[in-house]
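What the coordinates show
Spelled out from the first residue to the last, the chains are:
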Amino acid sequence: METVAAIVAWALFGLIAGAIARLLVPGRQPIGIVATMILGVIGSFVGGFIAWIFTGGEPLQASNWIMSILGAIVVLAIYVASANRRARTW
């Protein structure tokens, strides 16, 4: 039961962090709710890695809200840039 609760907590955490990142990044992001959730979870790990670079500790850790959102913004900006590049080549 603890595993299911942890997965649900990570999914909710990721959805909120990903939604905030999508609100802060200008432009169109053609992704759905599940992709937003995954964006937030990946952003949390990216934010944790960025925090690890500056403070030490565990390299793959869940970080706080601010670093999770910053990580999600970085991941989303890379995704939008690569999607725009692919759209121009076709």
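An account of the accompanying structure is given in this report. (Residues numbered from 1 in each chain as written. Predicted model: local features only at pLDDT ≥ 70, side-chain atom pairs only at ≥ 80, totals over all residues. Heavy atoms only, no water.)

Brief notes about a nonpolar patch on the surface
Under the convention used in this document: Like charges are joined within 9 Å and nonpolar side chains (Val, Leu, Ile, Met, Phe, Trp, Tyr) within 5 Å, but only among residues with over 30% relative accessible area and no salt bridge; these make up the patches. Working definition of accessibility: Shrake-Rupley area with a 1.4 Å probe, residue cover restricted to the visible protein chains. Think of a salt bridge as a Lys or Arg side-chain nitrogen and an Asp or Glu carboxyl oxygen that are within 4 Å of each other. What counts as a helix is a DSSP run of H or I of at least four residues, what counts as a strand is a run of E of at least two, and both are numbered from the N terminus. Accessibility here uses a 1.4 Å probe with only protein chains present; expressed as a share of the type maximum, an area under 20% marks a residue as buried, one over 50% as exposed, and anything in between as partly exposed.
Together, Leu-12, Ile-16, Trp-65, Ile-66 and Leu-70 make up an exposed nonpolar region whose accessible area comes to about 490 Å². Elements with a contribution of two residues or more to the nonpolar patch: helix H1 (2–24) and helix H3 (65–89). With three residues, H3 is the single largest residue contributor to the nonpolar patch. With respect to the helices and strands, Leu-70 occurs in helix H3. The partly exposed category is assigned to Leu-70, whose relative accessible area is 43%.

Quick look at the environment of Ser-68
Along the chain, the position of Ser-68 falls in helix H3. Residue Ser-68 is classed as buried on the basis of its relative accessible area, which comes to 0%. In this structure, the C-alpha to C-alpha distance between Ser-68 and Phe-45, residues 23 residues apart in sequence, is 7.2 Å.

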